[in-house]
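Listed below are the residues making up each chain.
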Amino acid sequence: MPLIVKNPHALKEFVGKEIGVTEWFPLTQARIEQFAQATEDRQWIHLDPARALRESPYGGTIAHGFLTLSLIAHFVHEAVRMEGGLRLAVNYGLNRVRFPAAVPAESRIRGRVGLLACKEIVDSLDAIYSVAVEIEGSEKPGCVAEWIVRYYA
């Protein structure tokens, strides 16, 4: 169930709090292959299941770190919804990113989303989200990041 706020400025009351945990999301080999095609990152650890089974320390193919990172936009959108008062939301960047654990192909991941800060700008508001991409059955997350979204009201 997403957090629904009237407008971006209503996010301020949630600073320092966990906003929510998303539904599980399947990270399939097909999606990994599509990401490899889109980014030209065709390393065998992502695309060759037989070789990855034989040679990788993970026992199979894994998702690209940047694929895992890119899914935080989906997770934040699933966790937070604006009812109105929003003209535009843009990806303003990242403060910190780490990949503590590899995300195996065919695993399920989800986002644990919190709000670290809100900063008023002249014509907008920057929301800084903390997102941990959890891997089902793993103690370590596949990605932890601070993501900045600029909301234009």
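Data block above holds the structure.
For every chain, the first residue of the written sequence is number 1, and numbering continues from 1 onward in sequence order. Restriction of local features to residues with pLDDT of at least 70 applies here, the model being predicted, together with a cutoff of 80 or more for giving and counting side-chain atom pairs; totals for whole chains, interfaces and linings are based on all residues. Excluded from the side-chain calculations are hydrogens and water; all other atoms, namely the structure's heavy atoms, are used.

A. Broad picture of the overall build of the protein chain. For the protein chain, the count of helices and strands is 5 helices and 8 strands. A run of H or I in DSSP counts as a helix once it spans at least four residues, and a run of E counts as a strand once it spans at least two, with each numbered from the N terminus. Secondary structure elements of the protein chain, listed N to C terminal, follow the sequence β-β-β-α-α-α-α-α-β-β-β-β-β. For every residue, the accessible area (1.4 Å probe, protein chains only) is compared with the maximum for its type, and the residue is labelled buried under 20%, exposed over 50%, or partly exposed between those bounds. The buried share of the protein chain, reckoned over its 153 residues, is 42%. Working note: accessible area of the protein chain is about 8500 Å², and carbon and sulfur atoms make up 52% of it. The Shrake-Rupley method, run with a 1.4 Å probe sphere, supplies the accessible areas, and residue values consider only the shown protein chains as cover.

B. Layout of helix H1 (residues 29–39). Inspection of H1 places Gln29, Ile32, Phe35 and Ala36 among the buried residues, and these make up the whole buried set. Viewed end-on, H1 has its buried residues packed into an arc of 120°, placing them on one side of the element. Residues Gln34, Gln37 and Ala38 are exposed on H1 and point more than 90 degrees away from its buried face. Contacts made by the buried residues of H1 are with strand S3 (25–27), helix H2 (44–47) and helix H4 (65–70). Directions from the helix axis toward the C-beta atoms define the arc. Only heavy atoms enter the contact rule, under which two residues are in contact if any of them lie within 4.5 Å.

C. Looking closely at unusual backbone geometry. One non-glycine residue, Glu40, lies in the positive phi region at around 65°. Within the secondary structure layout, Glu40 lies in the loop between H1 and H2. Even without glycine at this site, Glu106 takes up a positive phi of about 70°. You can see Glu106 is positioned in the loop between strand S5 (88–98) and strand S6 (107–121).

D. Quick peek at the pattern of salt bridges. By salt bridge we mean one thing: a side-chain nitrogen of Lys or Arg within 4 Å of a carboxyl oxygen of Asp or Glu. Under the definition given, this model contains 10 salt bridges. For the salt bridge of Lys12 with Glu120, the shortest nitrogen-to-oxygen distance reads 2.2 Å. On the criterion of sequence distance, the pair formed by Lys12 in the loop between strand S1 (3–5) and strand S2 (17–21) and Glu120 in strand S6 is long-range, its members being 108 residues apart. Overall, Lys12 belongs to the partly exposed group, its relative accessible area being 39%. For Arg150, the salt bridge identified is with Asp126, shortest N-O distance 2.6 Å. One end of the pair, Arg150, is in strand S8 (residues 143–152); the other, Asp126, is in strand S7 (residues 124–135), and 24 residues separate them in sequence. Residue class for Asp126 comes out buried when judged on its relative accessible area of 6%. A cluster of three or more residues bridged by salt bridges with shared partners is formed by Glu18, Arg110, Arg112 and Glu134.

E. Just the packing of aromatic side chains, in detail. Planes of paired rings set the category: under 30 degrees apart is stacked, over 60 is edge-to-face and the rest tilted, where pairs are Phe, Tyr or Trp rings (Trp by its six-membered ring) whose centres lie within 6.5 Å. Across all of its chains, the model carries 2 aromatic pairs by this definition. Between the aromatic rings of Phe25 and Phe75, the centroid separation amounts to 6.2 Å while the plane-to-plane angle is 85°, which identifies the pairing as edge-to-face. Remark: Phe75 occurs in helix H5 (residues 72–79) and Phe25 occurs in strand S3; sequence separation between them is 50 residues. For the residue pair Phe25 and Phe75, the accessibility class agrees, reading buried in each case.

F. Expanded view of the pairing of S6. If DSSP finds at least two bridges between two strands, the strands pair. Direction of pairing for S2 relative to S6: antiparallel, over a ladder of 4 bridges. Directly across from Lys17, in S6, lies its bridge partner Leu115. Looking at chain direction, S3 and S6 are connected through 3 bridges and run antiparallel. When the bridges of S6 are listed, Pro26 appears paired with Arg108. Bridge analysis of S6 against S7 gives 12 bridges, and the strand direction is antiparallel. The partner of Leu115 across the bridge, within S7, is Tyr129. In sequence, S6 turns back onto S7 through a hairpin of 2 residues.

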